[in-house]
Amino acid sequence: MRFKFPLVAISLEVAMIVLFGLFVQYETDQTIFQKQNTTGPMDTGRFLELYPLFQDVHVMIFVGFGFLMTFLKKYGFSSVGVNLLIAALGLQWGTIMQGILHSHGQKIHIGIKNIINADFSTATVLISFGAVLGKTSPVQMLIMTMLEIAAFAGNEYVVGEIFKASDIGASMTIHAFGAYFGLAVTVILYRSGLRKGHQNEESVYHSDLFAMIGTLFLWLFWPSFNSAIAEAGDKQYSAIVNTYLSLAACVLVAYAFSSLVEHGGKLDMVHIQNATLAGGVAVGTCADMKIQPYGSMIIGSVAGMVSVLGYKYLTPFFATKLRIQDTCGVHNLHGLPGVVGGLAGIVAVDLGVSNMTTVARQAAALGSSIGTAVVGGLITGLILKIPIWGQPLDENCYDDSVYWEVPRVREHDSGFHERDDHSQLELDV
Amino acid sequence: MGSKYQPSLRGCLPLWALTLEAALILIFFFFATYDTSSKDQKHLMEAYRAFQDVTVMAALGMGFLTSSLWRHVWSSVGFSLFMLVLGVQWAVLLDGFLENFSPEKIIITLARFQQATMSATSVLISAGAVLGKANLVQLLVMALLEVTAFGTMRTISKRFLSMDDHSNMMHIYTFAAYFGLTVAYCLSRPLPKGAEEKNRTATSPSLFAMLGTLFLWTFWPSFNSALLNDQNEMKNAIFNTYYALAVSTVTAISVSAWTHPRGKINMTHVHNAVLAGGVAVGASCHLIPSPWLAMVLGLVAGLISTGGAKCLPMCFNRVLGIHDTCGVHYTFGLPGLLGGIISIVMLKLHINWTNSPITGNQVPITFQALGMVWCLASSLVTGLLTGLLLNLKIWKAPDMTKYFDDQAFWKLPHLAPAS
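Residues numbered from 1 in each chain as written. Chains lettered and ligands numbered in written order. Predicted model: local features only at pLDDT ≥ 70, side-chain atom pairs only at ≥ 80, totals over all residues. Heavy atoms only, no water.

**What about the overall build of chain A?**
1) Next: Scanning chain A from N- to C-terminus turns up 15 helices and three strands.
2) Next: Relative to the 2.2 N^0.38 estimate, which gives 22 Å for 429 residues, the radius of gyration of chain A is 22 Å and therefore close to what a compact globule would have.
3) Next: Seen through its principal axes, chain A has C-alpha atoms that stretch 70 × 50 × 50 Å.
4) Next: Restricting to contacts in chain A with at least 6 residues of sequence separation, those with at least 24 account for 83%.
5) Next: In the form shown here, chain A has an accessible surface area of approximately 16,100 Å², with 65% of it arising from carbon and sulfur atoms. (Helix = DSSP H or I, 4+ residues; strand = E, 2+ residues; numbered from the N terminus. Rg over C-alpha atoms; globule rule 2.2 N^0.38 Å. Contact = heavy atoms within 4.5 Å. Areas by Shrake-Rupley, 256 points an atom, 1.4 Å probe, with all protein chains shown as cover.)

**As for the overall build of chain B**
1) Next: Helix and strand content of chain B: 16 helices and three strands.
2) Next: A compact globule built from 419 residues would reach a C-alpha radius of gyration of about 22 Å, and chain B, at 21 Å, matches this within 12%.
3) Next: Overall, chain B is about 70 × 60 × 40 Å in size when its C-alpha atoms are taken along their principal axes.
4) Next: Counting across all 419 residues of chain B, residues that qualify as buried make up 59%.
5) Next: The long-range fraction of contacts in chain B, counting pairs at least 24 apart against all pairs at least 6 apart in sequence, stands at 84%.
6) Next: Roughly 16,200 Å² of accessible area belongs to chain B as shown, and the carbon and sulfur atoms make up 68% of that amount.
7) Next: With 26 positive and 19 negative side-chain charges, chain B shows a separation of 12 Å between the mean positions of the two kinds. (Buried < 20%, exposed > 50% of the residue type's maximum accessible area, 1.4 Å probe, protein only. Lys, Arg positive; Asp, Glu negative; His and termini not counted. Charge placed at Lys NZ, Arg CZ, Asp CG, Glu CD.)

**Looking at the environment of N240 of chain B**
All names here are of chain B.
1) Next: On the secondary structure map, N240 appears in helix α10 (residues 231–259).
2) Next: In this structure, the C-alpha to C-alpha distance between N240 and A50, residues 190 residues apart in sequence, is 18 Å.
3) Next: If sequence neighbours within four positions are ignored, N240 has contacts with V281, C285, I288, S290, P291 and A294.

**Observations concerning the interface of chain A and chain B**
1) Next: The interface of chain A with chain B comprises 69 residues on the first partner and 71 residues on the second.
2) Next: Approximately 6,600 Å² of surface area, both sides summed, lies buried where chain A meets chain B, with 70% of it carried by carbon and sulfur atoms.
3) Next: Taken together, the connections running from chain A to chain B amount to three salt bridges.
4) Next: With its nearest N and O atoms 3.4 Å apart, the salt bridge here joins D268 of chain A to K411 of chain B.
5) Next: Remark: the boundary between chain A and chain B carries 19 residue pairs in polar contact (both at pLDDT 80 or more). (Buried area = accessible area lost by both parts, 1.4 Å probe. Salt bridge = Lys/Arg side-chain N within 4 Å of Asp/Glu carboxyl O. Polar contact = N/O pair within 3.5 Å; in protein donor to acceptor, adjacent residues only side chain to side chain.)

**Considering the pattern of salt bridges**
1) Next: By the definition in use, this model includes eleven salt bridges over all chains.
2) Next: In this structure, K73 of chain A engages E202 of chain A in a salt bridge whose closest nitrogen and oxygen atoms are separated by 3.0 Å. Taken together, the positions of K73 of chain A in the loop between α3 (46–68) and α4 (76–102) and E202 of chain A in the loop between α7 (171–188) and α8 (205–227) put the pair 129 residues apart, joining distant regions of the chain.
3) Next: The buried category is assigned to K73 of chain A, whose relative accessible area is 19%.
4) Next: Under the relative-accessibility criterion, E202 of chain A is labelled partly exposed at 34%.
5) Next: Note that E99 of chain B and R112 of chain B form a salt bridge whose closest N and O atoms lie 3.3 Å from each other. With E99 of chain B in helix α3 (residues 73–100) and R112 of chain B in helix α4 (residues 110–130), this residue pair connects regions lying 13 residues apart in the sequence.
6) Next: Assessed through its relative accessible area of 14%, R112 of chain B is described here as buried.

**Overview of a nonpolar patch on the surface**
1) Next: The grouping of Y185, V319, L320, L384 and L388 of chain B at the surface amounts to a nonpolar patch, some 480 Å² of accessible area in total.
2) Next: At the level of elements, α14 (316–320) and α16 (365–390) of chain B are the ones that each hand at least two residues to the nonpolar patch. (Patch = residues over 30% accessible without salt bridge, like charges linked within 9 Å, V, L, I, M, F, W, Y side chains within 5 Å.)

**Topic: the nonpolar core**
1) Next: W219 of chain A together with F113, Y173, W220, F223 and F332 of chain B are the most contacted members of the largest nonpolar core, which has 219 residues in total.
2) Next: Setting aside residues no more than four positions away along its own chain, F113 of chain B makes contact with V241, Y244 and L245 of chain A together with F51, V92 and I108 of chain B.
3) Next: Formed by 15 residues, the second largest nonpolar core is a distinct cluster that contains L228, A237, L287 and L347 of chain B. (Core = buried A, V, L, I, M, F, W, Y, C linked by side-chain atoms within 4.5 Å.)

**Some details on the environment of I291 of chain A**
1) Next: Within the secondary structure, I291 of chain A is located in the loop between α11 (278–282) and α12 (292–321).
2) Next: As a C-alpha pair, I291 of chain A and S354 of chain A span 63 residues in sequence and 8.9 Å in three-dimensional space.

**Brief notes about the state of the cysteines**
Residue and element names in this part refer to chain A.
1) Next: In the structure shown here, the tally under the stated rule is zero disulfides over all chains.
2) Next: There is no disulfide at C328, and the cysteine sulfur nearest it, in C397, is 14 Å away.
3) Next: For C328, a relative accessible area of 12% puts it in the buried group.
4) Next: Taking the relative accessible area as the measure of exposure, C397 reaches 0% and is therefore buried. (Disulfide = S-S within 2.5 Å.)

**Here we look at α16 of chain B**
1) Next: When the terminal C-alpha atoms of α16 of chain B are compared, their 37 Å separation across 26 residues agrees well with the 38 Å that a helix rising 1.5 Å per residue should span.
2) Next: Burial in α16 of chain B covers these residues: Q368, G371, M372, C375, S378, S379, G383, T386, G387 and L390 of chain B. (Expected span 1.5 Å × (residues − 1).)

**Considering a positive patch on the surface**
1) Next: A contiguous patch of positive charge on the surface is contributed by R195, K196, K321, R323 and K385 of chain A.
2) Next: If you trace the backbone, R323 of chain A turns up in the loop between α12 and α13 (330–350).

**What to know about the environment of S167 of chain B**
Residue and element names in this part refer to chain B.
1) Next: Tracing the backbone shows S167 in helix α6 (residues 165–169).
2) Next: Along the primary structure S167 and A276 are separated by 109 residues, whereas in three dimensions their C-alpha atoms are 18 Å apart.
3) Next: Within the structure, S167 has its side chain in polar contact with the side chain of D164 (distance 3.0 Å).

**Focus: the side chain of S126 of chain B**
Residue and element names in this part refer to chain B.
1) Next: Structurally, the position occupied by S126 is in helix α4.
2) Next: Relative accessible area serves as the criterion here: at 0%, S126 is assigned to the buried category.
3) Next: Setting aside residues no more than four positions away along its own chain, S126 makes contact with M142, E146, A176, F179 and G180.

In structure tokens, the structure reads:
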């Protein structure tokens, strides 16, 4: 680790700086003026108007996704820390990749939409990170970031520019893509040593609460995520309203199903942390269409239901039968609801709520996203399997202390029933 | 004594929640539609920011504020989110129906979401008084009834007492606090010995509660100014809330240390009393002309709140047998009453200062006073009815031995071997 990781990270960063020097410029008044001539009216004040939305997305990426993955009892540092590292690298690489594809090899002029899209591209990596959480080294994550964002940018270009499909909140291109990419990687990186589970692959009371912070941040700002790059005015308004209603319906249904499938009607924290967000994923594709308020609520309800059932029945099945070790259950939070979103988009287009796209194009977009993700994930997995990236041993999985300096006493180690040192102190006072 | 095991909610909760969601989807299908008017981008973004500030307060702030009990944090956070989304969906519809009493389609705007979120916040405040003693089905019923009661209360005082939206909404603190206390009174049973132990606060949960407090504290100016239309009034509201909160924080922390025999600061006071300034200044924040008045108000509110935190559990709660889990009475109730009284005084002074006859949007002082009494009365009555309803056996209320314990409601996989 000592030399491998700094070497890889710094050389990647130097490469980024060189690429930025060669290809990237700021958007100037002149370039906006040129765009205005080609793409119709565009407000120069749009930067400041969209800046708050960009910030919401930023909060979701760094705080939301970061804390959502802190549920493992000894892996909180890596969850938040590596999340920050790969998001920071990913947004630079995403700017380059998407910029080059969309500007057809010209110089890239960065505007507010570019940095929003760059944040989006990191989201795919963070989703895949959830699938392999605890079983990879930071070096592997850096390599995966580079490869996955390249694949994502290619697929997004195909979906957006060639199929001209509508996917405003990116159910297919980000969520389904990220989830299936991660699953494909984790299939290749299968560890038979973890077949019977690992003593550290579990949560404690407080680690689950930290994950709940991530959930709430994601839940709150999801309307911004789905509406950030929507057309100003009517469409942006629909995207906000639809996403909010879908999320609200999803929460109620997720609680209901969690209580339904659990023994004794209790709630399961894993479901609450994740399935409550499925509504935001699923409504993504048709968020800016006129699907009516009840339509978005139905989509949210279906997503909540599918997600809880996935966590309850599909994840154990995957782990035992299909050799897929999906640590965070990204298949149930992003994969299945993403597919639900893609299908909902097809149905919505078929019902004629949007004249911008056709059923065939939407279906092609869904197929292309999943296909690219699986192929790209398998190739990435094979590359990551080369034993030079400092992979952790089986017994060191799900443990921060391999890569981080950790405090000697960890309060989280003490169980829920035992009183930790702090409460002892409190009694003395 | 009932059975030692928690009655299963497996049949009850999914049935209620799914039926409700289906009903909500149906009502939305028939009665809700998009806002089709053309939208100015700047305006839309402003409405969205305002709406989001309120949602952040409700979900993050109120969710974590009540999480200081050391074995009840999951329920505090999880149940808050559940009540919030239910309350918002219902309040959107209810506000629409009450506004025009006709079966017209309700136009969904972001401002309507914002108002609905604020109504739903009343449920979260009330829930603070009963938390740990009710299960999710009971809280679900309470959320529905309280949103209905609060909406009706506001509509009546708007129609008959010609109160404006802002003053109406700012009764939320008093209404919600006394509603919650009455429900807690109805649900109160002598707590078993073990419950005292679980009722304790602990370090880590206290830190999570601090997270909630800070989010509430930071976004409070948005809440108090949300329903004001006049630019000047809005500016005043933001400044006054800001200063009142600052002063009440300093007061609360120093008084907390002062009243402790060895001069130590109590974290519970910090959680609750630092917010008192924002509550107290709510009703009158647009009328206060200079910052020092808001600061004095914040000082008084901080004193009352910390004093209440010291005295109320001893005398008031013990005499009436109310168990107020999260100190709703001194966080929201007393400062809310103070705010109501101050708003009447400010209105009187405002009319004197400006020396103007009562204009269209200014409420006669008697009406303002009546509005406050009406708010209190309706909160007590509806709270009593709700409390009696919640005492019914059909809700499968948790057993007393399971009070303040997450284990009753949540699967804790790291505790017991998987069954």
